[in-house]
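Chain residues, written in single-letter form:
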Amino acid sequence: LYLGPGEQEQHNLVLQKKYDEVRANEVLWEEKQLDDAELMIVAFGTPSRIAKTAIGMAREQGMKIGLLRPITLFPFPAEQVYRHSERIKKILVVEMNTGQMLYDVKIAAHKDATISFYGRPGGGIPFPNEVLAEIRKALE
């Protein structure tokens, strides 16, 4: 507990410096097939593996879909989302949540990006054909 004059503020400045270092050096992510993508899926954990299958299905049908998979959620790979969303104007967020990462993507994405969401709450597992259907909707 920092109760002396200026102690709490000083402690918070130290914590901010630590967070800035983590954000600069420890953000982890994976990119797949984004070079020619017309739609970027952002998904982590189990949904990212399901999305990879759906992306393969979509590519077999001629759709150009790629994946950005956050490995660290805190800090979030916001710079990578922004960089890709400058060119890829359609984003589909796939989660086994009710939209918690969706907010991070909305904050990070380029202002001209259109963001769609497909989420299943705990206990609900999305299947590749369901993600493929959401890809089709997002491309319309």
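Residues numbered from 1 in each chain as written. Predicted model: local features only at pLDDT ≥ 70, side-chain atom pairs only at ≥ 80, totals over all residues. Heavy atoms only, no water.

Draft legend 1. Geometry of the sheet that holds strand β4 (residues 90–95). Pairing in this open sheet of five strands is mixed, and the strands run β1-β3-β2-β4-β5 from one edge to the other. Strand pairing shows two members of the sheet lacking a second neighbour, β1 (29–32) and β5 (114–119), which therefore form its edges. Strand-to-strand twist in this sheet, taken as the mean axis angle between neighbours without regard to direction, amounts to 20°. Here four bridges tie strand β2 (residues 39–43) to β4, and the two strands are oriented parallel to one another. Bridging across to β4, Met40 finds its partner in Ile91. Relative to the sheet, helix α2 (residues 46–60) contacts β1, β2, β3 (65–70) and β4, its axis offset from that of β3 by approximately 170°. Packed onto the sheet, helix α3 (residues 78–87) meets β1, β2, β3 and β4 and runs at close to 20° relative to β1. (Pairing = 2+ DSSP bridges. Helix = DSSP H or I, 4+ residues; strand = E, 2+ residues; numbered from the N terminus. Axes fitted to C-alpha atoms, helices over the stretch in contact; angles between N-to-C directions. Contact = heavy atoms within 4.5 Å.)

Draft legend 2. Up close: helix α4 (residues 100–108). Along α4, the residues that are buried comprise Met101, Leu102, Val105 and Ala108. All buried residues of α4 lie within an arc of 130° about the axis, which places them on one face of the element. Structural note: α4 exposes Tyr103 and Ile107 on the side pointing more than 90 degrees away from its buried face. At its buried positions, α4 is contacted by β2, β3, α3, β4 and β5. (Buried < 20%, exposed > 50% of the residue type's maximum accessible area, 1.4 Å probe, protein only. Arc of directions from axis to C-beta.)

Draft legend 3. Structural view of the pattern of salt bridges. A full pass over the atoms with the stated rule returns nine salt bridges. Between Asp20 and Arg23 there is a salt bridge, and its shortest N-O distance comes to 2.7 Å. You can see Asp20 and its partner Arg23 sitting in helix α1 (residues 7–25), three residues apart, about one turn around the helix. A relative accessible area of 32% places Asp20 in the partly exposed class. By relative accessible area, which is 41% here, Arg23 ends up partly exposed. Between Lys32 and Glu30 there is a salt bridge whose closest N-O contact spans 3.6 Å. On the accessibility criterion, Glu30 (17% relative accessible area) is buried. Where salt bridges share partners, they join Glu30, Lys32, Lys52 and Arg69 into one cluster. (Salt bridge = Lys/Arg side-chain N within 4 Å of Asp/Glu carboxyl O.)

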